[in-house]
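This is what each chain is made of:
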Amino acid sequence: MHIDPFDPFAAQPGGLSAVQLAGQVAESGSVLVYWYGFDSPVEQAWALAEITQRTSKPLTCLDVLVTDETGQGMNGDLGVGTTPGTGFGVVLANVKERVIANCDQLGRDLIRTYDGKRLPNGQQGGLRFTRRQQVPPL
């Protein structure tokens, strides 16, 4: 199941939020691809933390952060997804290792493609790719 929510925590009365649904999908053993965005470097992998609380299944998180000329970010503007500090990622569950490897390669290729390029606002910047695994304790 692919989940790409506008508001990941919104739920109708008696319904589930997107992160709650993601946890249930992962826990059921079904394939999960949860797309998320963030507008601050401290929010990287926020979806991994949220979904981890809702499943005992192993999860993989791959994300990309737009950085400034120092290789860092600040609070960005998710409405302008190319500002330093913004980013996006996916949380995967119940997928084959080959799928994770392909997504990992895509992230690394994206970083290489943008290496040394200027951001749309003209300033020097870049992208930083991160892969995280969350494996439940035995």
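In what follows, the structure referred to is the one given above.
Here is what the cut-offs are and how they apply
- Residues numbered from 1 in each chain as written.
- Predicted model: local features only at pLDDT ≥ 70, side-chain atom pairs only at ≥ 80, totals over all residues.
- Heavy atoms only, no water.
- Phe/Tyr/Trp six-rings, centres within 6.5 Å; stacked < 30°, edge-to-face > 60°.
- Helix = DSSP H or I, 4+ residues; strand = E, 2+ residues; numbered from the N terminus.
- Buried < 20%, exposed > 50% of the residue type's maximum accessible area, 1.4 Å probe, protein only.
- Pairing = 2+ DSSP bridges.
- Contact = heavy atoms within 4.5 Å.
- Axes fitted to C-alpha atoms, helices over the stretch in contact; angles between N-to-C directions.
- Core = buried A, V, L, I, M, F, W, Y, C linked by side-chain atoms within 4.5 Å.

A.B. asks: Any chance you could explain the packing of aromatic side chains here in plain terms?
C.D. replies: For any two aromatic rings, the description comes down to two numbers: the centre-to-centre distance and the angle of the planes. This structure, assessed with the given rule, holds 5 aromatic pairs. When the centroid spacing of 5.7 Å and the interplanar angle of 75° are considered together, the rings of Tyr36 and Trp46 count as edge-to-face. Of this pair, Tyr36 sits in strand S2 (residues 32–38) while Trp46 sits in helix H2 (residues 46–52), and the two are 10 residues apart along the sequence. Here Tyr36 and Trp46 have matching classes, each one buried. An aromatic cluster is defined as three or more aromatic residues linked by ring pairs; in this entry it consists of Phe9, Tyr34, Tyr36, Phe38 and Trp46.

A.B. asks: Would you mind going over the sheet that holds strand S3 (residues 59–67) with me for this structure?
C.D. replies: By way of backbone hydrogen bonds, the strands of a sheet pair with one another, either parallel or antiparallel. Reading across the sheet, the 5 strands line up as S1-S2-S4-S3-S5 and stay open at both edges, with mixed pairing between neighbours. The two strands at the open ends of the sheet, each matched to only one other strand, are strand S1 (2–3) and strand S5 (126–134). Of the strand pairs in this sheet, S2 and strand S4 (residues 87–93) are connected by 7 bridges, and their pairing is antiparallel. The residue of S4 that forms the bridge with Tyr36 is Gly89. Contacting S1, S2, S3 and S4, helix H1 (residues 18–28) runs over the sheet at an angle of about 150° to S2.

A.B. asks: Even after reading the chapter, I still don't get the environment of Ile111, so can you show me in this structure?
C.D. replies: Within the element layout of this structure, Ile111 appears in helix H3 (residues 97–114). Residues Ile111 and Leu65 lie 46 residues apart in sequence; the distance between their C-alpha atoms is 9.8 Å.

A.B. asks: Where do I start with the nonpolar core in this structure?
C.D. replies: For soluble globular proteins, nonpolar side chains are generally found buried alongside one another. Within the largest apolar cluster, 20 residues are counted, with the highest numbers of intra-cluster contacts made by Leu32, Tyr34, Tyr36, Trp46, Ile51, Leu59 and Val91. Where this core is concerned, the elements lending two or more residues are H1, S2, H2, S3 and S4. A total of 5 residues in this core trace back to one element, the largest contributor, which is H1. Once residues within four sequence positions are removed from consideration, Leu59 is found in contact with Ala26, Leu48, Ile51, Thr52, Val91, Leu92, Ala93, Arg132, Gln133 and Gln134. Listed in part, the 9 residues of the second largest apolar core include Val64, Leu92, Leu119 and Phe129.

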